[in-house]
There are 2 protein chains.
Amino acid sequence: MSKITIVGGGLVGSLLAIFLAKRGHTVSVYERRGDPRKTDVYAGRSINLVVSHRGWTALRAAGVEVAVKQITVPVYASMMHDRDGKLNRVPYSIDNRAIYSVSRGELNRRLLSEAEQLPNVKLHFDHKCVDVDLETATCRFLPNGGEVIGVKADVVFGSDGAFSAVRAKMMLGRFTYSQEYIEHDYKEVAFPANADGTPKMDPQCLHIWPRRYYMMMGLANQDGGFTGTLFMPNTHTENAPGFDTVKTEEQARKFFAEHFADALPIVPDIVEQYMRNPQSSLAIIRCNPWTVNGKVALIGDAAHAIVPFYGEGMNAGYEDCKVLNDLLNEHGDDNWGHVLNAYGKARKPNGDAIADLSLRNFVEMRDLVADPKFLLRRKIEGHLQAKHPDQWLPLYSQVKFSDIQYKDAWREGLRHDRIMEEVLAIPGIEEKWESAEVEKRVMELVKAG
Amino acid sequence: MSKITIVGGGLVGSLLAIFLAKRGHTVSVYERRGDPRKTDVYAGRSINLVVSHRGWTALRAAGVEVAVKQITVPVYASMMHDRDGKLNRVPYSIDNRAIYSVSRGELNRRLLSEAEQLPNVKLHFDHKCVDVDLETATCRFLPNGGEVIGVKADVVFGSDGAFSAVRAKMMLGRFTYSQEYIEHDYKEVAFPANADGTPKMDPQCLHIWPRRYYMMMGLANQDGGFTGTLFMPNTHTENAPGFDTVKTEEQARKFFAEHFADALPIVPDIVEQYMRNPQSSLAIIRCNPWTVNGKVALIGDAAHAIVPFYGEGMNAGYEDCKVLNDLLNEHGDDNWGHVLNAYGKARKPNGDAIADLSLRNFVEMRDLVADPKFLLRRKIEGHLQAKHPDQWLPLYSQVKFSDIQYKDAWREGLRHDRIMEEVLAIPGIEEKWESAEVEKRVMELVKAG
């Protein structure tokens, strides 16, 4: 059995610790921040998360599915809020499947406690990674207010997020890397529950206020409140406001009244929150290779930070852990060089695919969900899926309700786009989308490959 | 007048110091390495440089054209060496224009001495930049064996190369960045002169041994020798050897005898050099923005590290300096916020274009220059240029023999590709490329835009 250092005790680091400790390895987790069970480390800058099918697959494999399920809220549909406050509920699947909303802090706390129960896991908070020797798998940590310590291990995992210190060290070698900020930043807005603890909106929906160039969304918490997030360009354009033109309290008041009128009664202090909460940016990070020397590996956001619009960032990281665990099952626990190499090769194309898928979903969420053609396409796809479940699984279902690899889902999704483009161009499609004629045409296109 | 810190005293930093000091600014240059006039800082890992038209434009504007010309060797053509040692000379232009070979060390030493003559330039060697405060334009330097010092300025330029410390600080903010290593690494090989100091090959040619998947090139030095460079994939493929399969002395001997037979008598110790010299890698670095807070700016390789196959890396950096100087002429020397912003906006698209152009030229150099179709295209383009000099300037001439912006040259080059693809597809083009019929067809395509 091996001595493992995990740099970063967030969502992925804590699950990875559970996986590896249950295999019998000796695991030490070093986290830069304090213990989230003692202080609120995410204050005002969190986006709620959703656990999807593949996230559950990984949590189940680690034996923590039940512990996590207790703190989630199922979400069956997106609920669109138009400018007039009119609602439109669009289910995520034809068979009543759900994704599961969870607060980042809650989930992190739960997994850390699960990890800590294992005798061969040791958690160290307030330890900043200041160096990694990639040859010897030795990390150097600076404890809060202490002296630098050196920790030698057999294997080091960098699960230290988008701004990974482990990755920074790998970057000094032959390492392909890109970071790209999207134009949109975000701010958290907390939606309170009613005084009696009941929710003010349907908690089993992801609420979206799509406004084309910007948008707000809200995901339920267990306490009846919602964590809302406003996404808006950093800099305004002729088409849309930006954080740079919504700066004063007066500008913010006008902005919310004009574009999100139905949210005002639900969040009476929305302007105060807007003025108070930090503005955060969103980056896409890609790199290669994910492992070096058969001793150091990146996992989760450290390897593939993506934009949050598919709600898959955490699920992708959990799937990383699950795949690693499967490879250890296959090749044994004393064959790290081989296992890490196979892990990187298997996961890198999927990291790229979910990065692309997430950008694509941003366009859908802020824009297309308000487009009649897009809604028609959803209906057609649902109809096809119902009639030919083995031949048509909509892209969203592949990503959220299956374990199909992201890279395969992405390829299939692009094929669906080409087919649906033809279908939506059929004259009179609005009337005859359920007809045998249309179904026959689609099936021909599907078979043509 | 302003207080300027230049981080990095290489090719671009030293020229920038001259430009800014001549305007009256107080300039301090901090270089990580020692003084190249005292020690050989480039030992065994240098690729010779060529000064092209736009490089001269910048050097002239800085008043150092004559000083630099003295240490260069004009190069009028490329000389291809095939596997049998057969030579084929291909001039760079139809009007006998030259690029100018120069050793990196020589040029750096010359420019540092030119800069040092200016009373308002101060050079500091062995000073490593360990931090930059982007808000206050304050750098912290660690002198060799000394204590960290803080240096506050009005403006900081990062001309500290591909692995820029200034850029590393900018990366922590909202900053788009990518680094990409190409598969090919390189090794330097020194070609000696004859005993009497005369060169063993035509010094007025860039010598190329194109071998499709790898290549060697040689550029003349003033001492009658050549600086040669072998470019080869890091890892072998089924098509070609790689540095990983040419490792032992025996493998190297076999490799050079098989693929570069005519170089062996010229460089008798080529195998010993191969075994001794370090293997270096080649990265393309792109980032955005190049300036921050109207106080800190990247310039040269720090902003746009490219592969060396167009010989334009230094020229691009020199053009950065010239454009900055022009903007200071236009907007005045007390308007840095405006000038730096305009500088970044003007130069970034050109940095991207020369990065793309350089990758493209790698394919030409190692591969196409041995292709009859490509050589025919060159002849056709020369013919067109001779007959319609105002309507057809080959891409190479735009890049090397003009001040046309890289971005415009790149666009025009892609247009040329489309036109030439049609022309080369004309049946019997090999026989009738000089005919009026072909000329008419091309001119129609040119006018069609």
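Residues numbered from 1 in each chain as written. Chains lettered and ligands numbered in written order. Predicted model: local features only at pLDDT ≥ 70, side-chain atom pairs only at ≥ 80, totals over all residues. Heavy atoms only, no water.

### Structural notes on the sheet that holds strand β10 (residues 138-143) of chain B
Residues and elements named next belong to chain B.
Line of reasoning, step 1. Here three strands make up an open sheet; going across it, the order is β9-β10-β11 and the pairing antiparallel. In this open sheet, the two strands that pair with only one neighbour each are β9 (127-133) and β11 (149-152). Between one strand and the next, the sheet's axes are offset by a mean angle of 30 degrees, whatever the strand orientation.
Line of reasoning, step 2. Two elements, β9 and β10, share six bridges in a ladder whose sense is antiparallel. Looking across to β10, one finds that D131 is bridged to R140. (Pairing = 2+ DSSP bridges. Helix = DSSP H or I, 4+ residues; strand = E, 2+ residues; numbered from the N terminus. Axes fitted to C-alpha atoms, helices over the stretch in contact; angles between N-to-C directions.)

### Remarks on the domain arrangement of chain A
How big an interface is tends to be reported as the loss of accessible area on association of its parts.
Line of reasoning, step 1. For chain A, the assigned domains read domain 1 (3-77 + 103-180 + 282-361), domain 2 (183-276) and domain 3 (371-448).
Line of reasoning, step 2. When each unit is reduced to the centre of its C-alpha atoms, the spacing between domain 2 of chain A and domain 3 of chain A is 33 Å. (Domains from an automatic or database assignment.)

### Considering the sheet that holds strand β3 (residues 49-51) of chain B
Residue and element names in this part refer to chain B.
Line of reasoning, step 1. What the three strands build is an open sheet, ordered β3-β7-β4; its pairing is antiparallel. Unpaired on one side and paired on the other, β3 and β4 (73-75) mark the two borders of the sheet. Strand-to-strand twist in this sheet, taken as the mean axis angle between neighbours without regard to direction, amounts to 40 degrees.
Line of reasoning, step 2. In this structure, β4 lies alongside strand β7 (residues 99-102), joined through three bridges in antiparallel fashion. Within the sheet, the bridge partner assigned to V73 lies in β7 and is S101.

### Let's talk about the relation of the copies chain B and chain A
Line of reasoning, step 1. Overlaying chain B on chain A yields an RMSD of 0.0 Å, the required transformation being a rotation through 179 degrees with an accompanying axial translation of 0.1 Å. This pairing of chains is accounted for by a two-fold axis. Judged by C-alpha distance, B:S178 is the residue of chain B that lies nearest the rotation axis, at 2.0 Å. (Least-squares fit on C-alpha atoms with pLDDT ≥ 70 in both.)

### Section: the side chain of B:Q273
Line of reasoning, step 1. Checked against the element boundaries, B:Q273 lands in helix α7 (residues 270-276).
Line of reasoning, step 2. The residues touching B:Q273, leaving out its near neighbours within four places in the chain, are B:E188, B:V189, B:A190 and B:V267. (Contact = heavy atoms within 4.5 Å.)

### Observations regarding the pattern of salt bridges
All names here are of chain B.
Line of reasoning, step 1. Throughout the structure, instances matching the rule amount to 62 salt bridges over all chains.
Line of reasoning, step 2. Ionic pairing is found between R377 and E381, a salt bridge with its closest N-O pair at 2.7 Å. Separated by four residues within a single helix, R377 and E381 lie in helix α11 (residues 372-387), roughly one turn from each other.
Line of reasoning, step 3. Judged by its relative accessible area of 15%, R377 is buried. (Salt bridge = Lys/Arg side-chain N within 4 Å of Asp/Glu carboxyl O. Buried < 20%, exposed > 50% of the residue type's maximum accessible area, 1.4 Å probe, protein only.)

### Description of the pairing of β11(B)
Residue and element names in this part refer to chain B.
Line of reasoning, step 1. Of the strand pairs in this sheet, β10 and β11 are connected by four bridges, and their pairing is antiparallel. Counted as the bridge partner of R140 is G150 from β11.
Line of reasoning, step 2. Here β10 folds back onto β11, and the loop between the two strands holds five residues, one of which, G145, carries a positive phi near 75 degrees.

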